[in-house]
Structure formats: C-alpha cells, structure tokens
Amino acid sequence: MNGTLAPEVLVLGGTGSVGQGIVAALLEAGSPVLVVGRDPGRLASLREQFADEPGLETLLGSLTDDGSALALADRIAQRPRALAAVIDAMGGPYNRGRVIDRSGDALLQALQVDVMPHVHAGRRLLPLLQSEGHPRRYVLVGSPAGFKPWAGYGESSITGAATRMYAQVLHQEAQALGVRAQMLEVCNPVCTPTNAANACIEWPSALLVGRRVVSLLDNCVDNRAIVRCDTRDAELPRGLLQLDRPPAWRDIAGVA
C-alpha cells in the first residue's frame, strides 16, 4: 500500500439522494472519495455530476450477501490509497403500507434487504480500518423512520430501528479494533431535488447532512454511539479535511 497518497473515504450508497450530498461535502473538504455501488449507470451518472473533481473514484460492487462483501473488501484492500473512513449511507425507498397487512415473510424479506447489507459491510469493511496510531472512523447514516414510528411506514420503522441498534452494538465492538463507529441520526426527512417542492423548512439538505458527516471525521472528539444531525455542526469547512491525523476522542457512553 502506498503511504504517500492521501487516504480516501469509502462511501456506500453514494449514488442515492443523501449519498450524493455526502460525496459533495467530502470533495468540498478536499478528501479523495471512493463510491461503491451496484448500478453501473448510476455510478456513471455520479462521475458525470462530479466530472471536474479528480478526487472521485467509483467501484462496482455489492453488499447483498457476505460473499459479495468479502470480495469487495479484498478489492478495496488492494487499492493504493489507505482507507481513512467508511460512510454507510445505504438505504432504499420507504415501503408504504400497514405491517399488520403484511405477512411475516414480507417483513423478513424487508429485514434482509434493508438491514443485512449494513451487517455485511460492518463485518467485512470495518477490519480494513485498523491502523496503528491512526484511529479510523466508521459512520452509518440513520433514517428518521428508525427514530420514531412513522404512520403508514411501519416496515421501514422496524428495519430502521434494527439498523440503529446494530450501530450501537458495532460502536462497542469496534473500539477493541481501534475504530470509532457511530451513527449520524437524521431525525427529519432530507430535502432533495425530487421532494423540494413539498419539503418543510426544518428538513436538512443532503449537502448539510454531508457536511455533518465531515464534522464527525474532522477531529471530532464526541465518541457517542448515536449523534444527531445538528445544523450548527454542518457549516462550510474551515480548511481541508485532515484524515491523516489521529483524532482526540473522549469516551462518552450512551446516545445523543
């Protein structure tokens, strides 16, 4: 591995509406970014969107099962840049409907589709962040549906809550590896180009969420398992993101 190159941030779900804001904020902060996705067309569209950004690279890969996640981790481990952080912004569209109208098999399938990719990612990618003297970061982006139940979207609330608990368990277990794992909890829907006409004023933009992710990576000392998307911590970066410096952590138990 070439230690002369600046370390990169791996973004999962970077082609999605929120993921694109995270990619934009990382590039804005001067970080090399590697986006992994399953859809070649969406990856190509992302590269076109950021065509003037030499720091962006994309990689075709999947986290739908453990075997695919292992293959992806092996490919990432062979890259010339060190891995500074993993941002897990994976998430699909919310499924509308009442849980009591769905079969148990349907809910089991939703857990498989919505939760297990996070589990596969944590199992195979978190070990890549171990580094002597330079603790790395692993950030999951949480859905507001996992914070409180949404009427008409109970299935998404259940899978979101399961992912939220997974993040808290991962936070505990990652510390033994010298990795800070956290969930950035977004408590309101995110304003995107597709819903901007109907968005409420308190909804954060995808770029604001991305800047909050940057604030967690940039020498943040808050080591809680769950931190919330606070607009006060999502301002324009004051300088380049320093990913090659060990952050000063303070071990705080609990959630925000």
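Residues numbered from 1 in each chain as written. Predicted model: local features only at pLDDT ≥ 70, side-chain atom pairs only at ≥ 80, totals over all residues. Heavy atoms only, no water.

J.: Which parts of the structure should I look at to understand the overall build of the chain?
T.: Helix and strand counts for the chain stand at seven helices and seven strands. Of the regular secondary structure in the chain, the N- to C-terminal order runs β-α-β-α-β-α-β-α-α-β-α-β-α-β. Within the span of the chain, comprising 256 residues, buried residues form 44% of the whole. Taking the contacts inside the chain whose residues are at least 6 apart along the sequence as the reference set, 73% of them involve residues at least 24 apart. Element-wise, carbon and sulfur atoms account for 53% of the exposed surface of the chain, whose accessible area totals about 12500 Å². (Helix = DSSP H or I, 4+ residues; strand = E, 2+ residues; numbered from the N terminus. Buried < 20%, exposed > 50% of the residue type's maximum accessible area, 1.4 Å probe, protein only. Contact = heavy atoms within 4.5 Å. Areas by Shrake-Rupley, 256 points an atom, 1.4 Å probe, with all protein chains shown as cover.)

J.: Sorry if this is basic, but what is going on with the environment of Ala 181 here?
T.: In this structure, Ala 181 sits in strand S6 (residues 179-185). Contacts of Ala 181, omitting those with residues within four sequence positions, involve Tyr 138, Leu 170, His 171 and Ala 174.

J.: Mind showing me how you'd approach the confidence of the model for the chain here?
T.: If pLDDT is low for a region, its predicted coordinates should not be looked at in detail. Mean pLDDT for the chain: 88, with 87% of residues reaching 70 or above. Taken as a whole, residues 249-253 scores under 50 in pLDDT and shows 16 contacts with residues more than four places along the chain or in a different chain. (pLDDT = per-residue confidence, 0-100.)

J.: Looking at this model, I keep getting lost on the pairing of strand S4 (residues 83-88). Mind explaining?
T.: Note on strand geometry: in a regular strand, side chains alternate between the two faces of the sheet. Burial within S4 is extensive, with six of its six residues counted as buried. The pairing of strand S1 (residues 8-12) with S4 spans five bridges and is parallel. Looking across to S4, one finds that Leu 10 is bridged to Val 86. Bridge count between S4 and strand S5 (residues 136-142): four bridges; the pairing is parallel. Considered in S5, the bridge of Ala 85 is made with Arg 137. (Pairing = 2+ DSSP bridges.)

J.: Honestly, the pattern of salt bridges in this entry has me stumped. Any pointers?
T.: Opposite charge on two side chains makes pairing possible when the charged atoms of those side chains draw close. One pass over the structure, following the stated rule, counts ten salt bridges. Measuring nitrogen to oxygen at the nearest pair gives 2.8 Å for the salt bridge that ties Arg 79 to Glu 8. Taken together, the positions of Arg 79 in the loop between helix H3 (66-77) and S4 and Glu 8 in strand S1 put the pair 71 residues apart, joining distant regions of the chain. Between Arg 102 and Glu 155 there is a salt bridge whose closest N-O contact spans 3.3 Å. Within this pair, whereas Arg 102 is found in the loop between S4 and helix H4 (104-114), its partner Glu 155 is found in helix H6 (residues 154-174), the two being separated by 53 residues in sequence. By relative accessible area, Arg 102 is classed as partly exposed at 31%. (Salt bridge = Lys/Arg side-chain N within 4 Å of Asp/Glu carboxyl O.)

J.: Explanation requested: the packing of aromatic side chains in the structure shown.
T.: The geometry of an aromatic ring pair is captured by the separation of the ring centres together with the interplanar angle, meaning the angle of the planes. Tallied over the entire structure, the rule returns three aromatic pairs. Ring centres of Tyr 94 and Tyr 153 lie 6.1 Å apart, and the angle between their planes is 65°; on these two criteria the pair is classed as edge-to-face. Pair noted here: Tyr 94 is in the loop between S4 and H4 and Tyr 153 is in the loop between S5 and H6, with a separation of 59 residues, a long-range link. Its relative accessible area of 36% is what places Tyr 94 among the partly exposed residues. Ring centres 6.3 Å apart and planes at 80° place the aromatic pair Trp 150 and Tyr 153 in the edge-to-face group. By way of ring pairs, the aromatic residues Tyr 94, Trp 150 and Tyr 153 are connected into one cluster. (Phe/Tyr/Trp six-rings, centres within 6.5 Å; stacked < 30°, edge-to-face > 60°.)

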